[in-house]
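Spelled out, the chains give:
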Amino acid sequence: MVGTIIFTLVYLALMGVCLYLAYKRHWIKSALSLAVGAISLPEAYFLARGFVKAFGEPLSNALKEGFLELLNLRSDVMVRETAMLKVSAFGVTIILGMASFLVFFAILWAVNTLIKRLIFSKLLKKAEQVQPVLSVVFALLSFAVVSFAVLYPLGAVSDIAVSAAKNCGYKLPVSVMASPVGRLYGIAGRGFFDRLTKVGDEFVNSDEAERGAEIYISLKMVAEGKDEDGGSIERIAESMKSSYLLTDFSSELAANAANSWRNGRKFMNKTLKMPEGRNGELVGDILELVSGWQRDNLVQDIDTGINIYKLLKEHGILKVNDGAVLFEALSDREFDERLFAELSGNDDFIAVIPKVLKFGIGSAVDAMEMEMNDEYIVEFDAKSLTEEEWKKEAEAFSILLSRMKELSEESEGGSLDILGLLGDMYELRDSKILSNMLVNLIIQILYNMQLGAGL
């Protein structure tokens, strides 16, 4: 708040001094000052654009390893680094474009000012009338041009931040970028920034920045518990899908992270402690899926991922080691129906369903203190089932897990309801998954139960 006030006061003071001095000087001098700024601005723009085209790509390539080190990454542990290098080139182009423009503008403004003084000394002899009002008008326009050359980045950032906050329903704290001065240079500053720092035709820089700001604000709102209606999660999904650079970068980042963690390596100085047992196997299978992600995968998987996140959150499953909580949820018919519907409707995640089945049944067998022979579990074509069939399979799966859970609890009390299990198995006889996948497993369970009960 204090910084914003000081910045605004300094801006107004500089403008006031400029207008005060203009009021006392010849109007031709003010007009020539306006011409200096108006000529220097496009000259600096074209020189900066040429400079970026000539040195942008070589410099971004030279700084490639530095960029990866900034993210605590190494090329030898990366699955892909194409999108990350695009982000590096994106950053280099922006910094190079803004810095070179400012340098060129300062040099050209100084040179053109010297030329102005030479011209003014000759024109003054022919024009003796001062006309202070006209001089002030020219000075105000001149101040606007020069201040725009210096403050257009602030205007771009201001417009991006305000637009992103508005889209997210978030109130920005009072800051320099949201100050009246920043807003004054907003739209024009953003457009100039985009043209000066243009990388290619695939995306617009400020639009990418706005999408990134929306994701940041939405994540902040989720972390602060301000997403009761799920709107922030939806905004993250929409912002990610509408971004070219962020989607490409995020899919590559996720693939590299998954590949590193799956192989027990650090990624960006972070280590994922893999759970033990069946929960670890399920997490490993999901990481293997994500390690193959491309941009198209991420765009397709965002909605599915968001919906599954919401479903898991509803049931208190928030960590990779929440295997016991997940097993409890898999015994619920509604949970299974929603989970199977999301997974089966996605070409990538549908491959996770057999893994979930294996995890759920394996966890149930473990709870019954029996051994499961994984060779008995036969993989099946998950894509062959219709939406209605998946509902039936979800119901069958929840019935089976519920019965096995009850049996594990009954076994502790010494009473085993084998007939109840057989009755459930009869009810599940039409299940395509259970009939193909679990027949041998059920026989094994019954056999172990008979041995345990001494039958």
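Check the secondary structure of the chain and you find 19 helices and 0 strands. Counting the 455 residues in the chain, one finds 45% classified as buried. For the chain, the exposed area adds up to about 24,000 Å²; of that, 60% sits on carbon and sulfur atoms.

Right, let's talk about the pattern of salt bridges for a bit. For the coordinates displayed, the defined rule picks out 12 salt bridges. Its salt-bridge partner being Arg333, residue Glu337 comes within 3.0 Å of it at the nearest N-O pair. Note that Glu337 and Arg333 are positioned in helix α14 (residues 333–344) at a spacing of 4 residues, about one turn of the helix. Here Arg333 falls in the partly exposed class, since its relative accessible area comes to 44%.

Approximately 2,000 Å³ is the volume attributed to the largest pocket. What lines the largest pocket is a set of 49 residues, and nearest its centre among them are Val290, Trp293, Gly305, Ile306 and Tyr309. Secondary structure elements with two or more residues in the lining of the largest pocket: α4 (82–123), α8 (205–223), α9 (231–242), α10 (245–262), α11 (277–290), α12 (295–314), α13 (323–330) and α14. Top contributing element to the lining of the largest pocket by residue count: α10, with 9 residues. In terms of residue class, the lining of the largest pocket is built from 39 nonpolar, 6 polar and 4 charged.

Our next topic: the packing of helix α5 (residues 132–168) against helix α7 (residues 186–196). Contact pair α5 / α7: the axes reach a minimum separation of 7 Å and the direction vectors enclose 105°. What the angle tells us is that α5 and α7 run roughly perpendicular. Contact residues: α5 offers Phe148, Tyr152, Gly155, Ala156, Asp159, Ile160 and Ser163, while α7 offers Gly186, Ile187, Ala188, Gly189, Arg190, Phe192, Phe193 and Leu196. Grouping the constituent residues of the contact of α5 with α7 by class yields 9 nonpolar, 4 polar and 2 charged.

On inspection of all chains with the given rule, the structure shows 17 aromatic pairs. With centroids separated by 6.4 Å and ring planes inclined at 35°, the aromatic side chains of Phe148 and Tyr185 adopt a geometry described as tilted. Taken together, the positions of Phe148 in helix α5 and Tyr185 in the loop between α6 (180–184) and α7 put the pair 37 residues apart, joining distant regions of the chain. Here Tyr152 and Phe192 contribute two aromatic rings whose centre-to-centre distance is 5.0 Å and whose plane-to-plane angle is 80°, an arrangement assigned as edge-to-face. Here Phe192 lies in helix α7 and Tyr152 lies in helix α5, a separation of 40 residues in the sequence. These aromatic residues form a ring-pair network of at least three members: Tyr11, Tyr45, Phe46, Phe101, Phe105, Phe143, Phe148, Tyr152, Tyr185 and Phe192.

The grouping of Val103, Ile107, Val111, Ile115 and Ile119 at the surface amounts to a nonpolar patch, some 400 Å² of accessible area in total. For Ile115, the location among the structural elements is in helix α4.

Before going further, it helps to examine the packing of α14 against helix α15 (residues 353–367). Where α14 meets α15, the closest approach of the two axes is 10 Å, and the angle between their N-to-C directions is 150°. Relative to α15, the element α14 lies roughly antiparallel. On α15, the residues touching Leu339, Phe340, Leu343 and Ser344 of α14 are Ile353, Val356 and Leu357. Among the residues forming the contact of α14 with α15, the class breakdown is 6 nonpolar, 1 polar and no charged.

By size, the foremost hydrophobic cluster in this structure holds 44 residues, and its most contacted members are Leu330, Phe335, Leu339 and Leu343. Only α9, α10, α11, α12, α13, α14, α15 and α16 (387–413) provide two or more residues apiece to this core. Of all the elements, α15 adds the most residues to this core, at 7 residues.

Quick notes on the rules
- Residues numbered from 1 in each chain as written.
- Predicted model: local features only at pLDDT ≥ 70, side-chain atom pairs only at ≥ 80, totals over all residues.
- Heavy atoms only, no water.
- Helix = DSSP H or I, 4+ residues; strand = E, 2+ residues; numbered from the N terminus.
- Buried < 20%, exposed > 50% of the residue type's maximum accessible area, 1.4 Å probe, protein only.
- Areas by Shrake-Rupley, 256 points an atom, 1.4 Å probe, with all protein chains shown as cover.
- Salt bridge = Lys/Arg side-chain N within 4 Å of Asp/Glu carboxyl O.
- 1 Å grid on protein atoms, 1.4 Å probe; cavity = no way out; pocket = protein on both sides within 12 Å on 5 of 7 lines; lining within 4 Å.
- Points joined across faces, edges and corners; volume = space filled by probe spheres on them.
- Nonpolar A, V, L, I, M, F, W, Y, C, P; charged D, E, K, R; others polar.
- Axes fitted to C-alpha atoms, helices over the stretch in contact; angles between N-to-C directions.
- Parallel < 35°, antiparallel > 145°, perpendicular 65-115°, else oblique.
- Contact = heavy atoms within 4.5 Å.
- Phe/Tyr/Trp six-rings, centres within 6.5 Å; stacked < 30°, edge-to-face > 60°.
- Patch = residues over 30% accessible without salt bridge, like charges linked within 9 Å, V, L, I, M, F, W, Y side chains within 5 Å.
- Core = buried A, V, L, I, M, F, W, Y, C linked by side-chain atoms within 4.5 Å.

By themselves, these are just geometric observations and shouldn't be taken as functional.
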